[in-house]
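# Structural description and commentary
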Amino acid sequence: MQNTLAHNISFTGVGLHSGTPARIEVQPAPANFGVQFQRIDLGVDAGMIPARWDHVEQTALCTRLVGPSGQTVSTIEHIMAALAGCGVHNAKILIDGPEVPIMDGSAAPFVGEILRTGLRTQQVALKVIRVLAPVRVETQSGWAALAPSATPEMTFHIDFADAAIGQQNRAMSLSNGAFVRELCDARTFCRSADVDAMRAQGLALGGSLENAVVVDGDQILSPGGLRHRDEAVRHKMLDALGDLALAGAPILGRYDGFKSGHSMTNELLRRLFATPGAWAIETATPAVAARLPGVGASLAEFPQVA
């Protein structure tokens, strides 16, 4: 069955890249609505922006959606990961600015409120996208792939020159509330050397040591240090789950990322849906539904973050 929120939840903060204050309200939505954003600051004529792979405008540092009339909303990956990781299939998100608030740099603030509010089951069958054959995209710096799997799984590898990050690898099943326990509190990260360059390009204007892990060589500059020894690769997995949630239905398959990012994951979805025989839409059986992200997610297992 499909799920929506039991009640409205709201958040206020600033956008990581724009520095623009914004408030979002996540509302329950009807079955088969999916996830859609509405820029309420642009008026009712602006319309809805479907949170879907074919509405993504390619950006290197975040995921930006573009609506039918050209309206945009950026940095949606963390709230999309939270919705997917908590098993929310239908939600309407009202936002009064161009970018989703970064909060603490992770999905934890969103996840905590979703778990506290709870879900309402909708008596409509849930569809899933089953990966039937491997697909892959690659660049000179990395690659991303989807492959058949009976359970949603993910592996990821990163490699940074800064010793505080270095090489990190992680492989995990995304079933049984694993996203809530292991990934949702992992924060976005950047190199101190890149901050000035990003700001010169009009990016990271809302970034701070409180909403990102900033590293310089072997030093962690953010107060309190890391939440996990491998927090960086966990955050990359969080981002990937949020970007994969733009498929339009839960994906039953394994995602492998090697130094991949937002643009590559979106390109991977485009390759999947353009490849005949590589995927199929199915009605989720009870056994399949029980293996999807969000099933088993519990507030008791939600990590307590500072």
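Residues numbered from 1 in each chain as written. Predicted model: local features only at pLDDT ≥ 70, side-chain atom pairs only at ≥ 80, totals over all residues. Heavy atoms only, no water.

## What to know about the sheet that holds strand β8 (residues 72-74)
- The sheet built from 3 strands is open, its strands ordered β6-β7-β8 with antiparallel pairing. Of all the strands in the sheet, just β6 (56-57) and β8 have a single pairing partner and so form its edges.
- In this sheet, β8 lies alongside strand β7 (residues 64-66) in antiparallel orientation, the contact comprising 3 bridges. Following the sheet pairing, Arg-64 is matched in β8 by Ser-74. (Pairing = 2+ DSSP bridges. Helix = DSSP H or I, 4+ residues; strand = E, 2+ residues; numbered from the N terminus.)

## So, the pairing of strand β2 (residues 9-14)
- Here β2 shows a clear split, with Ile-9, Phe-11 and Gly-13 buried on one side and none of Ser-10, Thr-12 and Val-14 buried on the other.
- Here β2 runs beside strand β3 (residues 21-28); their pairing, made up of 6 bridges, is antiparallel. Counterpart to Val-14 in the pairing with β3 is Pro-21.
- Linking two consecutive strands that pair antiparallel, namely β2 and β3, is a turn of 6 residues; a positive phi of about 70° is found at Gly-19 within it. (Buried < 20%, exposed > 50% of the residue type's maximum accessible area, 1.4 Å probe, protein only.)

## Considerations on the pattern of salt bridges
- Counting across every chain of the model gives 14 salt bridges.
- A salt bridge links Glu-231 to Arg-187; its shortest N-O distance comes to 2.8 Å. Of the two residues, Glu-231 is situated in helix α5 (residues 231-244) and Arg-187 in the loop between α3 (178-183) and β16 (189-191); the sequence distance between them amounts to 44 residues. Across the pair, Arg-187 and Glu-231 agree in class, each one buried.
- Look at the salt bridges and you will find they share partners, linking Arg-170, Glu-182, Asp-230 and Arg-234 into a network. (Salt bridge = Lys/Arg side-chain N within 4 Å of Asp/Glu carboxyl O.)

## Let's talk about the packing of helix α1 (residues 77-85) against helix α2 (residues 108-117)
- For the pair α1 and α2, interaxial distance at closest approach is 9 Å and the crossing angle is 35°. Along this stretch, α1 crosses α2, giving a crossing that reads as right-handed. Facing α1, whose interface residues are His-78, Ile-79, Ala-82 and Leu-83, α2 presents Phe-110, Val-111 and Ile-114.
- Among the residues forming the contact of α1 with α2, the class breakdown is 6 nonpolar, 1 polar and no charged. (Axes fitted to C-alpha atoms, helices over the stretch in contact; angles between N-to-C directions. Left-handed = near helix turned anticlockwise from the far one by under 90°. Contact = heavy atoms within 4.5 Å. Nonpolar A, V, L, I, M, F, W, Y, C, P; charged D, E, K, R; others polar.)

## Side note on the packing of aromatic side chains
- Applying the stated criterion to the full structure yields 6 aromatic pairs.
- Measuring from centroid to centroid gives 4.8 Å for Phe-11 and Phe-110, while their planes differ by 80°, and the two rings are edge-to-face. Taken together, the positions of Phe-11 in strand β2 and Phe-110 in helix α2 put the pair 99 residues apart, joining distant regions of the chain.
- Overall, the relative accessible area of 6% leaves Phe-11 in the buried class.
- A residue is classified by how much of its surface remains accessible, and Phe-110, at 1% relative accessible area, is buried.
- Consider the rings of Phe-160 and Phe-189, whose centres lie 5.4 Å apart with planes at 80°: the pair is edge-to-face. (Phe/Tyr/Trp six-rings, centres within 6.5 Å; stacked < 30°, edge-to-face > 60°.)

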